[in-house]
Amino acid sequence: MAFVDTHCHLDHHEDRSVAEQVASAHEAGVELLLTVGTSLASSNQAVATARRHADVWAAVGIHPNDAIEATPQVLAMIDQLAADDAVVAVGETGLDYYRDYTTPEQQADAFRAHIAIAKRHDRALVIHCRDAWDDTLAILDEVGAPNRVVMHCFSGDLAVTERCVDEGWFLSYAGNVTFKNADALRLSAAATPLDLLLTETDSPFLAPEPHRGRPNEPAYVVHTLERLAELLDVDAEDMAAAVEGNARRAFALPD
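To start, this report covers the structure provided alongside it. Just so it is clear, the structure is predicted and the values come from calculations on it, not from any experiment.

1. Quick word on the packing of helix 2 (residues 40-52) against helix 3 (residues 72-82)
Then step 1. At a minimum axis distance of 11 Å, the contact between helix 2 and helix 3 shows a crossing angle of 10°. Of the possible angle classes, the one that applies to helix 2 and helix 3 is roughly parallel. Taken together, the residues of helix 3 that come into contact with helix 2 (itself represented by Leu40, Ser43, Asn44 and Val47) are Val74, Met77, Ile78 and Leu81.
Then step 2. A class-by-class count of the residues in the contact of helix 2 with helix 3 yields 6 nonpolar, 2 polar and no charged.

Laid out in C-alpha cells, this is it:
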C-alpha cells in the first residue's frame, strides 16, 4: 500500500534532515511527496530537494503571511522557478486573516499574481485559506481558477466543501482531521468525493494523533489516511490507491 504526502515543508524541520525525513517516509510506505515553498529561499530549497530525490516534487510560492515579500522582483523569480521540471505547483498562496502579518490587500495582490503564474506554466495552484473563505472564493471567481486547484489543509465548512466540489477542486486534509475537537472538519471530509480527496502532513506542523504535540513528518501521513478511510467508509488500501491517483491528476504527474 502506497501513501502520498501532497504538502510538506521538508526544509522547516528543526530536528530531522531532509534525507532522514524522506528515508522514514519510504519506510512507512510514502512513495510520493510534495515539498512546498513559502518564501523565495524555501522555494529554491524545494526545487533543489526535488532534484535530489526521485519521489519528491516541488511547489514554489510566497505564503500569504509573507505577502509583503512578494515584490515584482521576487514574483519574477518565482515565475522562473515555476518553469522548472521539478516544479508541479505554484503556492502555497492565498489569504490568511487569522494573523495580521500582512494586510488583506497585500495578500490579495500576491494571490492574483500566483494565480497568473500557475496559469502561465499550467501548474496546479496550492491555496492556503484561513478565516478568509469568502474573499478567497471571490478572487478565484474574479480572475478565474487555473486548470487544477488544491485546497491545502482544507478547513471549509459543508457549504464551502460543496462549492469546491462543484468546481472540481481537490481538497487536501492534514493531521488536524484526527484531532478530538475536529468534528466539523470531519463532516467536511466525509462529504468530500473520493476522487477529489488528497492527504498531506503540512509537516513539521499539525502532527496527527497519536503524534500530536511533536514535530510532524511525511511518514505520519499514514494516520491521516487511515482516519479518512474510516470517515468515508472505504478500505484503507482502496483509499490509498485513490489518493495516489488523485495526486497524479492534481499535479499532472507521470504514472
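2. Details of helix 3
Then step 1. Along helix 3, the residues classified as buried are Val74, Leu75, Ile78, Asp79, Leu81 and Ala82. For helix 3, the arc enclosing every buried residue in end-on projection is 160°, short of the 170-degree limit, so these residues lie on one face. Looking at helix 3, the residues exposed on the side facing more than 90 degrees away from the buried face are Pro72, Gln73 and Gln80.
Then step 2. Next to the buried residues of helix 3 lie helix 2, strand 3 (56-60), strand 4 (87-96) and helix 4 (104-121).

3. Thoughts on the sheet that holds strand 2 (residues 30-36)
Then step 1. Read from one edge to the other, the open sheet built from 8 strands follows the order 1-2-3-4-5-6-7-8, with strand pairing classed as parallel. This sheet does not close on itself; its edge strands, each paired only once, are strand 1 (3-8) and strand 8 (197-199). Between one strand axis and the next, the sheet turns through 25° on average, direction left out of account.
Then step 2. Across the sheet, helix 4 is in contact with strand 4 and strand 5 (124-130); its angle to strand 4 comes to roughly 160°.

Criteria and cut-off values
- Residues numbered from 1 in each chain as written.
- Predicted model: local features only at pLDDT ≥ 70, side-chain atom pairs only at ≥ 80, totals over all residues.
- Heavy atoms only, no water.
- Axes fitted to C-alpha atoms, helices over the stretch in contact; angles between N-to-C directions.
- Helix = DSSP H or I, 4+ residues; strand = E, 2+ residues; numbered from the N terminus.
- Parallel < 35°, antiparallel > 145°, perpendicular 65-115°, else oblique.
- Contact = heavy atoms within 4.5 Å.
- Nonpolar A, V, L, I, M, F, W, Y, C, P; charged D, E, K, R; others polar.
- Buried < 20%, exposed > 50% of the residue type's maximum accessible area, 1.4 Å probe, protein only.
- Arc of directions from axis to C-beta.
- Pairing = 2+ DSSP bridges.

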